[in-house]
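Overview (structure and organization)
One-letter residues, chain by chain:
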Amino acid sequence: MGTIVNAVSIILGSVLGLLFKKGIPERYGRTIMQGLGLAVLLVGVSMSLQTKQVLVVVLSLVLGAVTGEFLNIEGGLARLGKWLEAKVGGSTGDVGRAFVTASLIFCVGAMAIMGSIEDGLNHNPRILFIKSALDGVSSVVFASTMGLGVAFSAIPVLLYQGSITLLAWTVKDYLGPAVISEMTATGGLLILGIAFNMLNITEIKVGNLLPAIFYAIPLAILIPRIIPA
């Protein structure tokens, strides 16, 4: 449901952007984004408090940071975006460029991944609902300047996030509630990082911390056997 709402919000935002070519005043958009940033902060806090083994979260973040920096996940995503824009920019019109640009913005990010995982594991689309609001507002601005191609970015969002949600839903029965709790708590801290970035409090490389979610799986199984909660 979260991904479907997200795709619809992009389409509706794009339609509004095409109707109101001048977009929305910058001060309104800035304040709206700050309000949504606070909502993201609240979601991150509520998720992070689900941990029963704080050591699992700490070690997951440390190992995830080392792995993410080694792989340079954020740098790789940035290079991918530049490569796609370069390929599209020279071979298609404005619709193609708008489609690729908007798709990258809406798909490449920790909130898309974390929201889809949360929706699949816990049947809770709250992160994707907030992302839908963010993408909807952004679509108004983008479509008012880049045009119709922004609306078509709803298709890769639907396929990308939907695939992650279905994968998480498929494997959740093999993880167990304790593992899911620690994955959720670890992901909650990453969501807090996104909120801090949105509110311009600091700049956290959330993309390079994404492996922490997957480290939480073996650690949530091993650590309780060594150190009781």
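Structure first, text after, so check above.
This section reports on the structure supplied with the text. All of these numbers come straight from a predicted model, not from anything done at the bench.

Calculation criteria
- Residues numbered from 1 in each chain as written.
- Predicted model: local features only at pLDDT ≥ 70, side-chain atom pairs only at ≥ 80, totals over all residues.
- Heavy atoms only, no water.
- Helix = DSSP H or I, 4+ residues; strand = E, 2+ residues; numbered from the N terminus.
- Areas by Shrake-Rupley, 256 points an atom, 1.4 Å probe, with all protein chains shown as cover.
- Axes fitted to C-alpha atoms, helices over the stretch in contact; angles between N-to-C directions.
- Left-handed = near helix turned anticlockwise from the far one by under 90°.
- Contact = heavy atoms within 4.5 Å.
- Nonpolar A, V, L, I, M, F, W, Y, C, P; charged D, E, K, R; others polar.
- Patch = residues over 30% accessible without salt bridge, like charges linked within 9 Å, V, L, I, M, F, W, Y side chains within 5 Å.
- Salt bridge = Lys/Arg side-chain N within 4 Å of Asp/Glu carboxyl O.
- Buried < 20%, exposed > 50% of the residue type's maximum accessible area, 1.4 Å probe, protein only.
- Parallel < 35°, antiparallel > 145°, perpendicular 65-115°, else oblique.

Moving on to the overall build of the chain. Assigned secondary structure in the chain consists of eleven helices and zero strands. Listed N to C, the secondary structure of the chain is α-α-α-α-α-α-α-α-α-α-α in terms of helices and strands. Summed over all atoms, the accessible surface of the chain reaches about 11600 Å², with 73% contributed by carbon and sulfur.

All right, on to the packing of helix 9 (residues 177-198) against helix 11 (residues 211-226) then. It is at 8 Å that the axes of helix 9 and helix 11 come closest, and there the two elements cross at 145°. Like other packed secondary-structure pairs, helix 9 and helix 11 cross with a definite hand, here right-handed. Across the interface between the two elements, Ala178, Val179, Glu182, Met183, Thr186 and Leu190 of helix 9 pack against Ala212, Ile213, Ala216, Ile217, Ala220 and Ile221 of helix 11. Counted by class, the contact of helix 9 with helix 11 contains ten nonpolar, one polar and one charged residues.

Before going further, it helps to spend a moment on the side chain of Asn208. With respect to the element layout, Asn208 can be found in helix 10 (residues 206-209). When neighbours within four sequence positions are excluded, Asn208 is seen to be in contact with Gly64, Ala65, Gly68, Glu69, Asn72, Ile73 and Glu74.

A few words now on a nonpolar patch on the surface. Taken together, the side chains of Val54, Leu55, Val58, Leu59, Val62, Leu63, Val66, Ile226 and Ile227 define a hydrophobic patch exposed on the protein surface, amounting to about 760 Å² of accessible area. Sorting elements by how many residues they give to the nonpolar patch places helix 3 (residues 54-71) first, with seven residues. Within the fold, Leu59 resides in helix 3. In this structure Leu59 comes out as partly exposed when scored by relative accessible area, which is 32%.

Glancing now at the environment of Leu55. Tracing the backbone shows Leu55 in helix 3. For Leu55 and Glu182, which are 127 residues apart along the polypeptide, the C-alpha to C-alpha distance reads 9.9 Å. Apart from residues no more than four positions distant in its own chain, Leu55 is found in contact with Ile223 and Ile227.

Right, let's get into the packing of helix 3 against helix 9. Packing of helix 3 against helix 9 leaves a shortest axis separation of 9 Å and a crossing angle of 55°. If you check the angle between helix 3 and helix 9, you find them oblique. Relative to helix 9, helix 3 is oriented so that their crossing is right-handed. Here Val56, Val57, Ser60 and Leu61 of helix 3 come into contact with helix 9, specifically with Glu182, Ala185, Thr186, Leu189 and Leu190. Considered class by class, the residues forming the contact of helix 3 with helix 9 number six nonpolar, two polar and one charged.

Take the pattern of salt bridges next. Taken as a whole, this structure holds four salt bridges when the rule is applied. Notably, a salt bridge pairs Glu69 with Lys205, separated by 3.8 Å at the nearest N-O pair. Here Glu69 is found in helix 3, whereas its partner Lys205 is found in the loop between helix 9 and helix 10, with 136 residues between them in sequence. With a shortest N-O distance of 2.6 Å, Lys131 and Asp135 are connected by a salt bridge. On the criterion of helical spacing, the pair formed by Lys131 and Asp135 is a turn pair, its members being four residues apart in helix 7 (residues 126-146).

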